[in-house]
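# Results of the structural survey
Residues per chain are reported as follows:
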Amino acid sequence: MNILYDKDHYKLALGQINMAKHLISNVSKDYVRLLKYGDSLYRCKQLKRAALGRMMTIIKRQNSSLLYLEQVRQHLGRLPSIDPNTRTLLLFGFPNVGKSSFVNSVTRANVEVQPYAFTTKSLYVGHTDYQYLRWQVIDTPGILDKPLEDRNTIEMQAITALAHLRACVICVLDITEQCGYSLKQQCELFNNIKPLFANKPIIIALNKIDTKRPEDLSAEEKAMLEETFKKDDNHLIIPMSTFTKEGVSEVQNTACDALLAHRIEQKMSGNKVDNIVNRLHVAQPKDGTRAPHIPEAVLAKRAGIKPAEVRKLEREMELELGDDYILDLKKHYDLPNPDDKYDDIPEIWEGHNIADFVDPDILKKLEDLEKEEAMLEEAGVYASEEEDLTEEQMEIREKAGLIRKEKAVIRHKHRLNKHRNRTPVSDRVIMKKQGIKRARSLSRVDPETAMEIDAKMQTKKSKPGRDISGLRDAKQVKEVKRLKKRSQIKMNQFGRAGEADRHISAKLPKHLFSGKRGAGKTERR
């Protein structure tokens, strides 16, 4: 997953979708709570539309994340189904060496084969049968000989399969060099990714022998092949041709037998075998142990082979020298001039050599600058003006600060009191403004005068209603009410029953509740 797509990007997209789910759930809860207080069908329907609109807005904001996750889903759905526990044959090599042709020959798969490189851009799985067992054969994209960090996504699929699948590895080589890569480059690729083959049987398949036989190779190429692949007995070299099908079945059978033997060996080395071995009895000869019989021809052949020079490891040198050992990683550098091994490696930043910007006199300049600063401090350049103030001046400054603080508090209180409601006006003030003289009681005044005084005191203009405020006369009020009623017609139409509302057209459909009941019609009603 992390090879085809960035794992962090994938998790970030999933997190955004999860957050959107929670937001939509909260919107749903809020509007369900509001629906309880809906006073009409139209109000409830408008609340539903508002809730759906907010939900759609949340979903539209996640458009980029949804498109990315859909792309990942479609790509993962197209990936082949690989069983890591079943018996597996895994092919690898440079592009255009014949891996896909081998898969098409031994399985029922139909992998595309073209005369140019990187035709295979992903893993392809084919299935075959051997000794009544089901085997899966995996075709990997071509691998180029370069550092791991420089490999692209296509090559990393093959590297991941080699590293994590327990399989028999078939290394396909093109001895004709028609693939565009020399035999030396193919051997170097095998040596570079050899650590990935730990605890795995390996088969070397020399392809395209219909064009060039292994006997036609030069002495240097034969020695290179022997030096690369015959160091370990597990490396079996088998010639084949996917064009004429010569040696294809032999490579398949040899690889399957090697993997079966390897799986049995692993099971025997485990702890689960002890319970079974204790029940078995191995018969021994009566005359004692028998020594292994090695033919004389094999012994003579072994005597003629010179032992290869064994390179002393750094660990062995460390144990031998003890405290005097110094790790030197530059002594194995392969440079045209051996004297350049121990030169300082320049540090490059944004295409520039850092050494070009280093001032060799920087320490001396820093020392001179510190001396200059010390002289300025002694001269009193950095002395603050507060040191020259007298005690009286300091006291005045402190009192001025308190005065400013008190003024700010008074200003704040005034602003708060300014916005408060005004105090109610008494009846005495109102009568004085209206020119009415205060008497002890209205009962002592004439009835007519009392009514006039009462009317004057109660005359207070009432506020006009909100529906007629701002209108000149009754005619304009009538026109406004007519326009209001006309604009409400369209809104009332939205309050009618629509497609989303439950509707029962007929309580008793005639085709179900009319006529005589025939045989077998009772269950229908």
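What comes next is a walk through the structure. Every chain's residues receive numbers from 1 upward, in the order its sequence appears when written. For a predicted model such as this one, the threshold for reporting local features is a pLDDT of at least 70, and the threshold for listing and counting side-chain atom pairs is 80 or more; totals across whole chains, interfaces and linings nevertheless cover every residue. Side-chain figures throughout are based on the complete set of non-hydrogen atoms in the structure, without hydrogens or water.

## Observations regarding empty space enclosed by the protein
Selection criterion: Of the grid points, spaced at 1 Å and generated over the protein atoms alone, those admitting a 1.4 Å probe that cannot get out make up cavities, while open sets with protein on both sides within 12 Å along at least five of seven lines make up pockets; any residue with an atom within 4 Å of a point is treated as lining. Grid points are joined across faces, edges and corners, and a volume is the space filled by probe spheres set on the points. Put simply, DSSP marks the helices as runs of H or I at least four residues long and the strands as runs of E at least two long, and each gets a number from the N terminus on. Just so you know the grouping, Ala, Val, Leu, Ile, Met, Phe, Trp, Tyr, Cys and Pro go in nonpolar, Asp, Glu, Lys and Arg go in charged, and all remaining residues, Gly too, go in polar.
For the structure on display, the rule yields one cavity of 30 Å³ or more. Of the pockets and cavities examined, the largest cavity occupies roughly 30 Å³. Elements with a contribution of two residues or more to the lining of the largest cavity: β4 (168-174) and α6 (183-192). Grouping the constituent residues of the lining of the largest cavity by class yields seven nonpolar, two polar and no charged.

## Details of the pattern of salt bridges
Cut-off, in case you're wondering: Salt bridge, as used here, is a side-chain nitrogen of Lys or Arg placed within 4 Å of a carboxyl oxygen of Asp or Glu. With a 1.4 Å probe rolled over the protein chains alone, any residue whose accessible area is under 20% of its type maximum counts as buried; one over 50% counts as exposed, and the rest are partly exposed.
Considering all chains together, one arrives at 13 salt bridges under this definition. Between Lys-208 and Asp-174 there is a salt bridge, and its shortest N-O distance comes to 3.1 Å. A residue pair is termed long-range when its members are at least 10 positions apart, and Lys-208 in the loop between β5 (202-207) and α7 (219-229) and Asp-174 in strand β4 qualify at 34 residues. Residue classification places Asp-174 among the buried positions, given a relative accessible area of 0%. For the salt bridge of Lys-371 with Glu-367, the shortest nitrogen-to-oxygen distance reads 4.0 Å.

## What to know about the nonpolar core
Counted only if it meets this: The set of buried Ala, Val, Leu, Ile, Met, Phe, Trp, Tyr and Cys residues whose side-chain atoms join them within 4.5 Å is what this entry labels a nonpolar core. Two residues form a contact once any of their heavy atoms are found within 4.5 Å.
Counting residues in hydrophobic clusters, the biggest one holds 56 residues, and the most contacted among them are Phe-92 and Ile-170. Not counting residues up to four positions away in its chain, the partners in contact with Ile-170 are Leu-89, Leu-90, Leu-91, Phe-92, Phe-102, Ile-203, Ala-205, Val-251 and Ala-255. The next biggest cluster of nonpolar side chains, apart from the first, holds eight residues, and it includes Ala-20, Tyr-31, Ala-51 and Ile-58.

## Looking at the packing of helix α1 (residues 7-35) against helix α2 (residues 41-61)
Put simply, the rule reads: Fitted lines through C-alpha atoms serve as axes, helices being fitted only where they are in contact, and the angles separating the N-to-C directions of these axes extend from 0 to 180 degrees. For this classification, under 35 degrees means roughly parallel, over 145 means roughly antiparallel, 65 to 115 means roughly perpendicular, and everything else is oblique.
Relative to each other, α1 and α2 sit at 170°, their axes nearing to 10 Å. In terms of their interaxial angle, α1 and α2 are classed as roughly antiparallel. Of the residues in α2, those touching α1 at Ala-20, Leu-23, Ile-24, Val-27, Ser-28, Tyr-31, Leu-34 and Leu-35 are Cys-44, Leu-47, Ala-50, Ala-51, Arg-54, Met-55, Ile-58 and Ile-59. Of the residues belonging to the contact of α1 with α2, the class tally is 14 nonpolar, one polar and one charged.

## Details of a negative patch on the surface
For clarity, the cut-off: Residues with no salt bridge and a relative accessible area higher than 30% make up the patches, which join like charges within 9 Å and nonpolar side chains (Val, Leu, Ile, Met, Phe, Trp, Tyr) within 5 Å. Using a 1.4 Å probe, the Shrake-Rupley method yields the accessible areas, and only the shown protein chains count as cover for residues. Asp and Glu are treated as the negative residues and Lys and Arg as the positive ones, with His and the ends of the chain left uncounted. A single reference atom marks each charge: NZ on Lys, CZ on Arg, CG on Asp, CD on Glu.
The grouping of Asp-368, Glu-372, Glu-373, Glu-377 and Glu-378 at the surface amounts to a negative patch. Checked against the element boundaries, Glu-373 lands in helix α12 (residues 362-379). Taking relative accessible area as the criterion, Glu-373 reaches 32% and is therefore assigned partly exposed.

## Side note on the pairing of strand β1 (residues 88-92)
Short version of the rule: Two strands are counted as paired when DSSP detects at least two bridges linking them.
With five of five residues buried, β1 is to be regarded as a mostly interior element. As paired elements, β1 and strand β3 (residues 133-139) share four bridges and run parallel to each other. Within β3, the position partnered with Thr-88 by the bridge is Gln-136. Sheet topology places β1 next to β4; four bridges connect them, and they run parallel.

## A closer look at the side chain of Asp-174
Put simply, the test is: Within 3.5 Å is the distance limit for a polar contact, defined as a pair of N or O atoms, with the added protein rule that one can donate a hydrogen and the other accept it, and that residues adjacent in sequence qualify only through two side-chain atoms.
In this structure the side chain of Asp-174 is engaged in a polar contact, spanning 3.1 Å, whose partner is the backbone nitrogen of Gln-178. Looking at Asp-174, its side chain comes within polar contact range of the main-chain nitrogen of Cys-179, at 3.0 Å. What Asp-174 contacts, discounting residues up to four positions off in sequence, is Asn-96, Val-97, Cys-179, Leu-183, Gln-186, Asn-207 and Lys-208.

## Considerations on the packing of aromatic side chains
Note the threshold: Here is the rule: rings of Phe, Tyr and Trp (six-membered ring for Trp) pair when centre to centre is within 6.5 Å. Planes less than 30 degrees apart are stacked, more than 60 are edge-to-face, and the remainder are tilted.
Under the counting rule described, the total for this entry stands at four aromatic pairs. Ring centres of Phe-190 and Phe-197 lie 5.6 Å apart, and the angle between their planes is 40°; on these two criteria the pair is classed as tilted. An identical accessibility class is assigned to Phe-190 and Phe-197; each is buried.

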